[in-house]
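Listed below, chain by chain, are the residues.
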Amino acid sequence: MLTRRHIRIKVMQSLFAMKQKQSDQLDVELKYLKESMNQVRVLFIANLDLLVALRKHAEYILNANKKKQLATEAEKNPNSKFVNNGLLKLLENNLELTEEVEDLKINYWDLDDDYIKILYNEIVESDLYEVYMNEESTSFKKDRNFILDIYKEIIAPNDKLYDYYEDKKLSWVDDIPLVNTSICAFIKRLKASNDETLRLPALVKDNEDILYAQDLFRKTKLHENKFSAEIEGKTPNWDKERIAVMDQIMIQLGICEFLKFPSIPVKVTINEYLEIAKEYSTPKSSIFINGILDKLSKEYSEAGTLNKMGRGLM
């Protein structure tokens, strides 16, 4: 779920927050970084639970309409296709999802069910819903494709839901696109043969990614002064104060990967921080960062201090 780029962003944000707070408590800030990463998993589980909550709300509406004193024929004999959606039922019965919702105390959709009502009404009023409900044939594949479509077109881009998540946890603003992509990828992989024991995607591919995040954070911070001196030496026409703080941090992270992470290729490091700069810094930052990192990488290579091996030589 967490990509290396997103891990880099998390580390960058943690270093920025540490600088803003003028904190020197490395262990405390490292715990904040770990929590920030774990919150990606919480958001992922919350979104899956949202789908389950939508099915439950639809079932509640269906049963409430049946009990009306003057129920119409359509209300007495409703179309229960959405309520019986195979993918939604698979999620609702999933043991790991149920356990994580309980362990993480995710009760958002019980406490703030207005968002479920808003999303449900948008779904019911959509053309996607009308086509799906009126189609005579049924299959797990069609159920899955319908949920995938409403997630991409109605749930993911919903401004009210975005604002809700932003109010819940500010760090989620950067996590929402990643989580939405992960949810869609997960839905696409689901099959009719899956049962309640289906495993959910892990936060990271393996423990190596966790160690990478911790090492990148710790090594960049511990060598901050040395890396800052390297930057100053390559920017004779720039005062230190004129370089954006975020740019300084990204260049320091790049230098750290050059010198302290032998398995990461130089091109990968430079390209990653250029892409991050386009989203998180000033319009000209990517050009500036590219120039500094490219110059430093060549100097390190000539000096023999660019210690790369294995994949890092690519």
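Right above here is the structure, for reference.
Here goes a summary of the coordinates provided. (Residues numbered from 1 in each chain as written. Predicted model: local features only at pLDDT ≥ 70, side-chain atom pairs only at ≥ 80, totals over all residues. Heavy atoms only, no water.)

**Some words on the overall build of the protein**
Within the protein, the secondary structure is distributed over 16 helices and zero strands. Its C-alpha atoms give the protein principal-axis dimensions of roughly 85 × 35 × 35 Å. Buried positions account for 48% of the 314 residues belonging to the protein. Considering only residue pairs separated by 6 or more positions, the protein has 81% of its internal contacts joining residues 24 or more positions apart. Roughly 16800 Å² of accessible area belongs to the protein as shown, and the carbon and sulfur atoms make up 49% of that amount. Charge separation in the protein, taken as the distance between the mean sites of 46 positive and 52 negative side-chain charges, equals 5 Å. (Helix = DSSP H or I, 4+ residues; strand = E, 2+ residues; numbered from the N terminus. Buried < 20%, exposed > 50% of the residue type's maximum accessible area, 1.4 Å probe, protein only. Contact = heavy atoms within 4.5 Å. Areas by Shrake-Rupley, 256 points an atom, 1.4 Å probe, with all protein chains shown as cover. Lys, Arg positive; Asp, Glu negative; His and termini not counted. Charge placed at Lys NZ, Arg CZ, Asp CG, Glu CD.)

**Some remarks on the packing of helix 2 (residues 26-66) against helix 11 (residues 172-189)**
Between helix 2 and helix 11, whose axes approach to 9 Å, the crossing angle comes to 50 degrees. Between helix 2 and helix 11, the crossing angle belongs to the class labelled oblique. For the pair helix 2 and helix 11, the sense of crossing is right-handed. Within the contact between the two elements, helix 2 uses Ser36, Gln39, Val40, Val42, Leu43, Phe44, Asn47, Leu48 and Leu51 and helix 11 uses Trp172, Asp175, Ile176, Leu178, Val179, Asn180, Ser182, Ile183, Phe186 and Ile187. Split by residue class, the contact of helix 2 with helix 11 holds 13 nonpolar, five polar and one charged. (Axes fitted to C-alpha atoms, helices over the stretch in contact; angles between N-to-C directions. Parallel < 35°, antiparallel > 145°, perpendicular 65-115°, else oblique. Left-handed = near helix turned anticlockwise from the far one by under 90°. Nonpolar A, V, L, I, M, F, W, Y, C, P; charged D, E, K, R; others polar.)

**Topic: the packing of helix 13 (residues 224-233) against helix 14 (residues 245-260)**
With their axes 9 Å apart at the nearest point, helix 13 and helix 14 run at an angle of 105 degrees to one another. What the angle tells us is that helix 13 and helix 14 run roughly perpendicular. For the pair formed by helix 13 and helix 14, the contact residues are Glu224, Phe227, Ser228, Glu230 and Ile231 on the first element and Gln248, Ile251, Gln252, Ile255, Cys256 and Leu259 on the second. Looking at the contact of helix 13 with helix 14 residue by residue, the class counts come to six nonpolar, three polar and two charged.

**Comments concerning helix 4 (residues 86-93)**
Considered for burial, the residues of helix 4 that qualify are Leu87, Leu88, Leu90 and Leu91. Buried positions in helix 4, seen along its axis, are confined to an arc of 160 degrees and lie on one side of it. Where helix 4 is buried, its residues meet helix 2, helix 5 (95-103), helix 9 (140-155) and helix 11. (Arc of directions from axis to C-beta.)

**With respect to the environment of Arg8**
Assignment of secondary structure puts Arg8 in helix 1 (residues 4-21). Residues Arg8 and Ala213 lie 205 residues apart in sequence; the distance between their C-alpha atoms is 7.3 Å. Residues within four places of Arg8 in sequence aside, it is in contact with Tyr212, Leu216, Leu253, Glu257, Ile264, Val268, Glu272, Tyr273 and Ile276. Here Tyr212 takes part through its side chain, which lies 3.1 Å from a polar atom of the side chain of Arg8. (Polar contact = N/O pair within 3.5 Å; in protein donor to acceptor, adjacent residues only side chain to side chain.)

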